[in-house]
Amino acid sequence: MNPLLTSAVAGLTAGGTYALLGVCAVFTYRLVAVVNFTGAAIGTAGTFVLIALFEVGFPIWPSVLAGIAAGTATGVAIGYIMTRWFGEASASTKAAVTVALLVGLIAVGLRLTGGQHPHNMPELFPGSAFRLAGVEVTIASVLTIGLAVLFTILSDLFLNRTKVGLNLRALADRPMAAELLGVRVQLLSLLVWGMTGAFTTFALMIIAPQRSPNFMTLSLLVVPALAAALIGVFRSFWRTLAGGIALGIVEGLASSIDSVSQYRSAIPFLVVLAVLLWSQREARWDEAR
Amino acid sequence: MSRLVVSNLSINRAELPVVTSVDLVAESGAISVVLGANGAGKTTLLEGLSGVIPVAGGTIAIDGRELQKARPGARSREGLAHVEQGRTVFRQLTTEENLRVSLHPSADIAEAYALFPELVQRRAVKASLLSGGEQQMLVIARALLTRPKVLLIDEMSAGLAPVIVTRLMTAVRKLADDGLAVVLVEQFAALALSIGNRAYVMRRGRVVYDGDCAKLRQSPDELHRLYLGEAESAVPA
Ligand SMILES: Nc1ncnc2c1ncn2[C@@H]1O[C@H](COP(=O)(O)OP(=O)(O)OP(=O)(O)O)[C@@H](O)[C@H]1O
Ligand SMILES: [Mg+2]
């Protein structure tokens with residue numbers, strides 16, 4: 001059995017989660033023009049509703065549904081704040097507001113969930129799906145990647161084939177012109193926030209058992225997610241998807257090499273830096289022409 | 001028959017009064033032309049009417065229903081359409097998609113193509129790739145498909161060739177003849193006055209002339225004075 005392959009495959013669940021969170025970030029950015037740092041925190045809130053219900057003895061699947069509902073509601077609440085009070089603000093102001101909201105969510109979340117206190121996070125999908133060259137591929141990893149692919153395909157179909165999707169694209173292009181034509185701008189924006197909230201919550205529920213499930217670490221999964229979105233330059237769903245999965249694999253590989261494993265959480269940072277430098281290079285080249 | 005009545009409307013921008021105590025009327029079948037030099041407050045007036053910016057005081061009503069507190073989307077659903085300055089097409093959408101965004105259940109895209117047949121062969125082209133004239137036709141057609149009672153148009157002739165401007169003016173006249181109330185903002189007066197019914201001239205946020213288009217057209221000297229502001233005494237009481 002190839003140890004390198006084993007560790008690469010071990011990174012797939014994380015990769016799928018990064019991919020899904022990244023695709024959701026691109027979706028939010030393209031449709032409501034917000035670089036959303038609270039993406040993972042919204043999912044985390046929903047996940048902790050699941051944990052809380054499960055710990056007091058509720059059956060698992062109703063708790064999952066309640067958690068997803070809570071994540072959706074949190075997403076809509078954040079979306080309401082963003083559209084109601086910061087709809088006209090610049091992109092950088094909006095990003096800064098979501099950073100502030102992230103800090104607030106983490107503080108409240110840690111307080112409510114007892115800080116670093118370990119929780120009993122049920123594994124929703126234990127076991128392996130199939131073997132790849134002698135390596136077990138877990139159901140969790142197949143599921144997160146599948147969910148990311150599904151979200152990508154669905155958003156594509158939704159945006160290009162439906163009237164609501166058409167209105168959303170118009171809204172993304174020129175919000176005021178859309179509103180002047182009677183498009184229900186607020187409602188559509190909240191729909192975007194709610195949809196991404198639901199999907200991220202489910203993804204986080206799957207990955208939570210693999211991480212130390214405390215509010216802060218889960219919320220900070222937004223960093224690799226935004227790194228993946230950056231790989232797709234906040235435009236391409238498929239590049240973001242591939243970028244997220246690649247990030248997970250690289251992280252898995254890094255954790256198997258002793259000398260670099262301590263630094264593996266720096267990988268998203270290095271990727272962000274590399275992509276930014278690369279895009280700078282292109283910008284300079286554009287200027288030089 | 002519909003009627004837009006604006007009374008005593010004031011609008012501030014960055015805390016400064018930009019539109020002051022404006023009274024204006026637009027009626028089905030007629031074009032109310034709003035003239036004035038750069039910075040007179042014409043765009044601000046239209047933006048206040050459609051809800052792009054809030055108003056500081058006064059009332060806006062269509063057929064007696066007051067709109068000044070409603071959001072832009074709600075005003076649109078009450079029958080107010082605003083064709084903004086600068087040809088605000090949805091750039092990433094095709095011509096036909098632009099039209100579908102605003103399509104009222106009782107309207108038909110064919111109406112847009114009947115008004116501007118030029119758009120038919122451009123239906124699958126991204127709006128950002130249309131010519132200036134085509135973009136202007138598109139935004140007017142798009143506004144029409146919301147089934148408005150009142151149509152506000154801001155400087156549709158800016159930067160377009162005279163032959164296109166004449167084409168657009170003819171189309172707008174036809175829309176009014178078909179029963180729409182039109183408020184037409186223009187900086188270049190002659191052509192607008194030739195198709196309009198009632199004229200308003202704005203200077204520094206105030207209406208300094210309110211009267212017949214034909215009368216104003218016959219006295220270019222007075223129009224010139226109104227624009228430049230040496231003739232406060234020429235304002236009809
Ligand atoms: N966003 C803004 N903030 C502050 N002042 C503004 C703003 N927009 C416009 N103004 C000021 O309001 C006044 C009226 O501007 P407005 O655009 O309404 O004029 P206009 O008659 O449409 O001019 P034009 O013919 O050039 O389009 C100008 O003095 C302008 O400087
Ligand atoms: Mg203007």
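As named in an unreviewed UniProt entry, chain B is ABC transporter ATP-binding protein, taken from Mesorhizobium atlanticum. In UniProt, chain B has this text filed under Sequence similarities (unreviewed entry): "Belongs to the ABC transporter superfamily."

Going by an unreviewed UniProt entry, chain A carries the name Branched-chain amino acid ABC transporter permease and comes from Mesorhizobium atlanticum. The Sequence similarities (unreviewed entry) field of the UniProt record for chain A holds the comment "Belongs to the binding-protein-dependent transport system permease family. LivHM subfamily." Taken from UniProt, the Subcellular location (unreviewed entry) comment for chain A reads in full: "Cell membrane".

Enquirer: Whenever I open this one, the pairing of strand β1 (residues 3-13) of chain B confuses me. Can you help?
Expert: It is a general feature of regular strands that their side chains alternate between the two faces of the sheet. Residues and elements named next belong to chain B. Pairing of β1 with strand β2 (residues 16-27), which is carried by eight bridges, proceeds in the antiparallel orientation. Residue Val5 lies in a different strand from β2, and its bridge partner there is Val25. Linking β1 back to β2 in an antiparallel pair, the connection comprises two residues, with Ala14 at a positive phi of about 50 degrees.

Enquirer: What is the right way to look at the pairing of strand β7 (residues 150-154) of chain B in this model?
Expert: Residues and elements named next belong to chain B. With five of its five residues buried, β7 lies for the most part within the structure. Residues Val150, Leu152 and Asp154 of β7 are buried on one face, and the alternating residues Leu151 and Ile153, pointing to the opposite face, are buried as well. As defined by bridge partners, strand β6 (residues 80-83) adjoins β7 across four bridges and the pair is classed as parallel. Along β7, the bridge assignment pairs Ala81 with Leu151. With five bridges joining them, β7 and strand β8 (residues 181-185) adopt parallel strand pairing. By the bridge assignment for β8, Leu152 is matched with Val183.

Enquirer: Teacher, can you tell me more about the coordination of the magnesium ion (ligand 2) here?
Expert: Ideal geometry at a metal gives 109.5 degrees between four tetrahedral donors and either 90 or 180 degrees between six octahedral ones. Around the magnesium ion (ligand 2), the donor atoms from the protein are Thr43(B) (OG1) and Gln85(B) (OE1), and they sit 1.8 to 2.5 Å away. Of the two residues, Thr43(B) sits in helix α1 (residues 42-50) while Gln85(B) sits in the loop between β6 and α3 (95-102), which places them 42 residues apart along the sequence.

Enquirer: Would you explain unusual backbone geometry in this entry?
Expert: Its identity as a non-glycine residue notwithstanding, Val233(A) has a phi of 35 degrees, on the positive side. With relative accessibility at 47%, the residue Val233(A) sits in the partly exposed group. Its identity is not glycine, yet Arg147(B) carries a phi of approximately 60 degrees, on the positive side.

Reading the values: rules and limits
The numbering scheme is per chain: residues are counted from 1 as the chain's sequence reads. Here chains are named by letter from A upward and ligands by number from 1 upward, in the order in which they appear as written. Selection of residues for local features in this predicted model requires a pLDDT of at least 70, selection of side-chain atom pairs for listing and counting requires 80 or more, and totals for whole chains, interfaces and linings are taken over all residues. The side-chain numbers reported here are obtained from all heavy atoms of the structure, hydrogens and water having been left aside. UniProt positions are given in the numbering used here, feature names are shortened, and annotations may be inferred rather than shown by experiment. The rule for pairing is simple: two strands pair if DSSP sees at least two bridges between them. By definition, any uninterrupted DSSP run of H or I lasting at least four residues is a helix, any uninterrupted run of E lasting at least two residues is a strand, and each is numbered from the N terminus. Relative accessibility under 20% of the residue-type maximum defines a buried residue, over 50% an exposed one, and the middle range a partly exposed one, all with a 1.4 Å probe and only protein chains included. Atoms are scored as donors when they are N, O or S and lie within 2.8 Å of the metal, with 3.2 Å used for Na, K and Ca; no water is included, so coordination may look incomplete.

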